Amino acid sequence: MATVTNTIRRPATAAWLSVLSALSFLSVALSVVLIFLYAPRDVAQGEVQRLFYLHLPTAWLSYLSFFIIFVSSIMYLVRRHARWDRLARSAAELGFIFTTLVLLTGSIWGRPIWGTWWTWDARLTTTLVLWFIYLGYFLLRAYVADPERGARYAAVLGIVGFVDIPIIHMSVRWWRTLHPQPIVVRSEGPAMPPEMLVTVIVTLVAFCILHVFLLAVKYRIETTRDEVMELRGALEQHG
């Protein structure tokens, strides 16, 4: 019965992944067109300002990924079901990639605007801390021999480490910082022309769709990995 169920579910999952893949490609392609052909050139910053349209979505998805880790870690410690641990592992890998992209795009933007690749600005420093938390999450899992114990330890780190997210978000308000103040979500409205705002919204939606697709693919890989490990353990016991 389980075999029949898996046979039925997997083609359906593959179909949804195909749809998500197509949506991801089309939406990201549209966002690229808007970034380089539709959005006007910034008068003050010039062409380098276009990095903002990539920097903002990657920052948002680095937060979202850790929020998924946070929720999944709580659920894993409460329910102890492997699917929550798989979801946390999957989100962690994506979050690490997006946080790396945040730091890279920020540094590339900072060189011509600030005159330096890096400065110990409050927003930059707290984001770097997030990158190290992600790295520590992987190292913790890698160096704990017992997978179940490693999952518990990682879940605790995923819960505690989430404290850094609101600190990053509020850093530009709490401390004096070189990082620009929010220009999209503001009480007095966005501080940008309509064409730029449309480009920001479309790019953010496109990257969210891409994130859902990558998360689904990664979760499927992690599920297969766990099944292989269980099968290997069963064969070793009976071998």
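See the structure above.
These numbers were taken from a predicted model, which means no experiment stands behind them.

Colleague: Quick question: what am I supposed to make of the overall build of the protein here?
Modeller: When helices and strands are counted, the protein shows 7 helices and 0 strands. Mapped from its N terminus to its C terminus, the protein presents α and β elements in the order α-α-α-α-α-α-α. Among the 239 residues that make up the protein, the fraction classed as buried is 37%. At a minimum sequence separation of 6, the contacts of the protein that also span at least 24 residues come to 75%.

Colleague: I keep staring at the side chain of D226 and nothing clicks. Help me out?
Modeller: Examined against the element boundaries, D226 turns out to sit in helix α7 (residues 194–238). Among the polar contacts made by the side chain of D226, one reaches the side chain of R225 at a distance of 3.5 Å. In contact with D226, other than residues within four places in its own chain, are R86 and R89.

Colleague: Looking at this model, I keep getting lost on the packing of aromatic side chains. Mind explaining?
Modeller: Any two aromatic rings considered together are summarised by their centre-to-centre distance and by the angle between their planes. For the structure shown, the criterion picks out 12 aromatic pairs. Arranged with centres 6.2 Å apart and planes meeting at 80°, the rings of Y137 and F138 form a pair that is edge-to-face. Within the aromatic cluster, the residues linked to one another by ring pairs are F66, F67, F70, Y134 and F162.

Colleague: Would you explain the pattern of salt bridges in this entry?
Modeller: When the charged atoms of two side chains lie near each other, side chains of opposite charge can form a pair. The tally for this structure, following the rule as stated, stands at 12 salt bridges. With a shortest N-O distance of 4.0 Å, R152 and E148 are connected by a salt bridge. With a gap of 4 residues between them, R152 and E148 both fall in helix α5 (residues 147–160), about one helical turn apart. One continuous salt-bridge network, built from bridges that share partners, spans D85, R86, R89, E93, R141, K218, E222, R225 and D226.

Colleague: Would you mind showing me how to read the nonpolar core here?
Modeller: A general trend in soluble globular proteins is that nonpolar side chains are found buried together. Formed by 20 residues in total, the largest nonpolar core has its most connected members in F66, I69, L130, Y137 and I165. Residue assignment for this core shows that the elements contributing at least two residues are α2 (52–79), α3 (82–114), α4 (122–143), α6 (164–174) and α7. Beyond its immediate stretch of four places on either side in the chain, I165 contacts Y63, F66 and L130. Core analysis: the next-biggest nonpolar cluster, separate from the first, contains 7 residues, I35, F52, M192 and M196 among them.

Colleague: I'm lost on α6 in this one. Help?
Modeller: One turn of an α-helix holds 3.6 residues; hence residues three or four places apart share an orientation. Those residues of α6 that fall on the buried side of the exposure criterion are D164, I165, I168, S171 and V172. End-on, the buried residues of α6 take up no more than an arc of 135°, which puts them together on one face. Contacts made by the buried residues of α6 are with α2 and α4.

Parameters and conventions
Residues numbered from 1 in each chain as written. Predicted model: local features only at pLDDT ≥ 70, side-chain atom pairs only at ≥ 80, totals over all residues. Heavy atoms only, no water. Helix = DSSP H or I, 4+ residues; strand = E, 2+ residues; numbered from the N terminus. Buried < 20%, exposed > 50% of the residue type's maximum accessible area, 1.4 Å probe, protein only. Contact = heavy atoms within 4.5 Å. Polar contact = N/O pair within 3.5 Å; in protein donor to acceptor, adjacent residues only side chain to side chain. Phe/Tyr/Trp six-rings, centres within 6.5 Å; stacked < 30°, edge-to-face > 60°. Salt bridge = Lys/Arg side-chain N within 4 Å of Asp/Glu carboxyl O. Core = buried A, V, L, I, M, F, W, Y, C linked by side-chain atoms within 4.5 Å. Arc of directions from axis to C-beta.

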